[in-house]
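Structure assessment
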Amino acid sequence: SFIQDNTTWVRFWLHPKQHDAHEEVICEAKVIDERVVRDSGGHEEKRYVIQTVMSLGGETWPIEITLTNRENMAFRMLLGRTAMNGRYMVDPELSYQVGKKPVAALKGEPS
C-alpha cells in the first residue's frame, strides 16, 4: 500500500493467464475499504477492497473485489454472487456459456 493525494492506494501484480506465472501486469488502485474475510477453512484475513469494472457476456458494471494472494489456488479470482448482482445464474456443470475471449483480449489488446 502507499499514500497518494492523502488517499491509500495499493499496487499489486496480476498473472492474466491461468497456469502462467511468468507474464504479469502491475496494477494500482485506490483502496475503498478494508474488510475481514473468512476463507473456506475458517481462517480470517484482513484484505484491501478496490473497485473495478467487470465485463461478461456483453455487459459491463462496477464491482468491488478484495485482494489476496491466490498463487497456490486453482483459480486466480473468485466471482461472488454480490458481484454478479442477479445478472447471471451459474450452472457448475457448464463452461464458457458466454464465449471464450481470445488471448489478445486478455492482454488488453484489441480483439
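Before reading further, recall that the structure is shown in the block above.
What comes next concerns the included structure. The residue numbering used here restarts from 1 in each chain and proceeds along that chain's sequence as written. Thresholds applied to this predicted model are a pLDDT of at least 70 for local features of residues and 80 or more for the giving and counting of side-chain atom pairs; totals over whole chains, interfaces and linings are not thresholded and use all residues. Side-chain measures were taken over the full set of non-hydrogen atoms in the model, leaving aside hydrogen atoms and water.

Here the focus is the sheet that holds strand S3 (residues 25-38). DSSP calls a pair of strands paired once it identifies at least 2 bridges connecting them. Each helix corresponds to a stretch of at least 4 residues labelled H or I by DSSP, and each strand to a stretch of at least 2 residues labelled E; elements are numbered beginning at the N terminus. The strand order S1-S2-S3-S4-S5 describes an open sheet built from 5 strands, whose pairing is antiparallel. In this open sheet, the two edge strands, each paired with only one partner strand, are strand S1 (2-4) and strand S5 (59-66). When strand polarity is set aside, the average angle formed by the axes of neighbouring strands in this sheet is 45°. Note: strand S4 (residues 44-56) against S5, 8 bridges, orientation antiparallel. From the neighbouring strand, valine 53 faces S5, where its bridge partner is proline 62. Fitting a line to C-alpha atoms yields each axis, with helices limited to the stretch in contact; the angle taken between N-to-C directions then spans 0 to 180 degrees.

Turning to the nonpolar core, a few remarks are in order. Counting 11 residues, the largest nonpolar core consists of Val10, Phe12, Cys27, Ala29, Val31, Ile50, Met54, Trp61, Ile63, Ile65 and Ala83. Every element with two or more residues in this core is listed here: strand S2 (7-14), S3, S4 and S5. Once residues lying within four places of it in the same chain are set aside, the contact partners of cysteine 27 are Val10, Arg11, Phe12 and Leu14. Side-chain atoms within 4.5 Å link the members of a nonpolar core, which is a set of buried Ala, Val, Leu, Ile, Met, Phe, Trp, Tyr and Cys residues. Exposure is judged per residue with a 1.4 Å probe applied to protein chains only, and the accessible area is read against the type maximum: over 50% gives exposed, under 20% gives buried, and values in between give partly exposed. Should any heavy atoms of two residues lie within 4.5 Å, those residues are considered in contact.

We now examine the environment of valine 36. For valine 36, the position within the fold is in strand S3. Assessed through its relative accessible area of 54%, valine 36 is described here as exposed. Through-space distance from the C-alpha of valine 36 to that of arginine 47 is 6.2 Å; in sequence the pair is 11 residues apart. Once residues lying within four places of it in the same chain are set aside, the contact partners of valine 36 are Glu44, Glu45 and Lys46.

Relative to S3, S2 runs antiparallel, the two being bridged by 6 bridges. Looking at the pairing, valine 10 lines up with alanine 29 of S3. The sheet contact formed by S3 and S4 spans 7 bridges and is antiparallel. Paired with valine 37 across the strands is glutamate 45, a residue of S4. Between the antiparallel neighbours S3 and S4 lie 5 residues, among them glycine 42 with a positive phi of about 90°.

On to the pattern of salt bridges. In what follows, salt bridge is the name for a side-chain nitrogen of Lys or Arg lying within 4 Å of a carboxyl oxygen of Asp or Glu. Under the counting rule described, the total for this entry stands at 8 salt bridges. For arginine 11, the salt bridge identified is with glutamate 28, shortest N-O distance 2.7 Å. Separated by 17 residues along the polypeptide, arginine 11 in strand S2 and glutamate 28 in strand S3 bring together distant segments of the chain. On the basis of relative accessibility, which here comes to 41%, the residue glutamate 28 falls in the partly exposed class.

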